[in-house]
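# Structural overview for review
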Amino acid sequence: KGANPRYLDPKVYDKIALSTFICDLENIVLGGSKKKTFKITNVSNLPMTFNFDAKVFKLLNMVITPERVAKLMPGESVSITLAYQTKKNLKFGKNQMIIPIEIRGGPKVNLEVVANITIPEIVFGSENLDFQKVIIGQKKTIFVRFENNKEVTVDWNLSTRADITSGNDKDGNKFSLVPSSGII
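Residues numbered from 1 in each chain as written. Predicted model: local features only at pLDDT ≥ 70, side-chain atom pairs only at ≥ 80, totals over all residues. Heavy atoms only, no water.

Our next topic: the sheet that holds strand β3 (residues 48-52). Here we have five strands laid out as an open sheet, ordered β1-β8-β7-β3-β5, and mixed in their pairing. Two strands in the sheet have a free side with no partner beyond their single neighbour: β1 (19-29) and β5 (68-72). Ignoring strand direction, the axes of neighbouring strands in this sheet form an average angle of 20 degrees. As paired elements, β3 and strand β7 (residues 93-103) share three bridges and run antiparallel to each other. Bridge assignment links Asn-51 to a residue of β7, and that residue is Glu-102. (Pairing = 2+ DSSP bridges. Helix = DSSP H or I, 4+ residues; strand = E, 2+ residues; numbered from the N terminus. Axes fitted to C-alpha atoms, helices over the stretch in contact; angles between N-to-C directions.)

So, in structure tokens, the structure goes:
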């Protein structure tokens, strides 16, 4: 016998979300963390109790406080704080994670957390540094261009081997970089 088309299995409704709300954490450096606070307002005419699915957000390396809100009265709001600590093995680029919000006696709702995982990076404007001919005992200056093509700033500083930098000029340096640090 076939199923009666007028009656659906209640489990079908478990797969349907009435709405999805997006929390965009924007750019996060791999291995870093970000925190965002947002408000949830009860727009219904009845008190509302809800909780975030803890097994899901903890598995995603997130902390949500409060995890559960009991009897949020009509017209009232509650501030929710979401903290996300990225893992070192995440893929770069846009990451989307769905956290179910379980509303007691209500429809299924999802919170979609979006984060762009990136790393700071600087590149030279050219592939190599060529001083060409340098006369012994004289100094030669060349200009180098650093570029940052990423979404986040790069805080950099000169860190070289002592056998390369110690030596020839009045300050004892074979090579020097001015400025020796910066933010791009």
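Turning to the packing of aromatic side chains, a few remarks are in order. A full pass over the atoms with the stated rule returns three aromatic pairs. Aromatic side chains Phe-50 and Phe-52 sit 6.0 Å apart centroid to centroid with 80 degrees between the ring planes, which places their arrangement in the edge-to-face category. For the pair formed by Phe-50 and Phe-52, the shared burial category is buried. Joined through ring pairs, the aromatic side chains of Phe-124, Phe-146 and Trp-156 make up one cluster. (Phe/Tyr/Trp six-rings, centres within 6.5 Å; stacked < 30°, edge-to-face > 60°. Buried < 20%, exposed > 50% of the residue type's maximum accessible area, 1.4 Å probe, protein only.)

Here we take up the sheet that holds strand β6 (residues 77-85). On the basis of which strands lie adjacent, the open sheet formed by three strands has the order β2-β6-β4 and antiparallel pairing. Only two strands of the sheet have a single partner each, and these edge strands are β2 (33-41) and β4 (62-65). Ignoring strand direction, the axes of neighbouring strands in this sheet form an average angle of 15 degrees. Summarising the sheet, β2 and β6 pair through nine bridges and their orientation is antiparallel. Looking at β6, one finds that Lys-39 is bridged to Ser-79.

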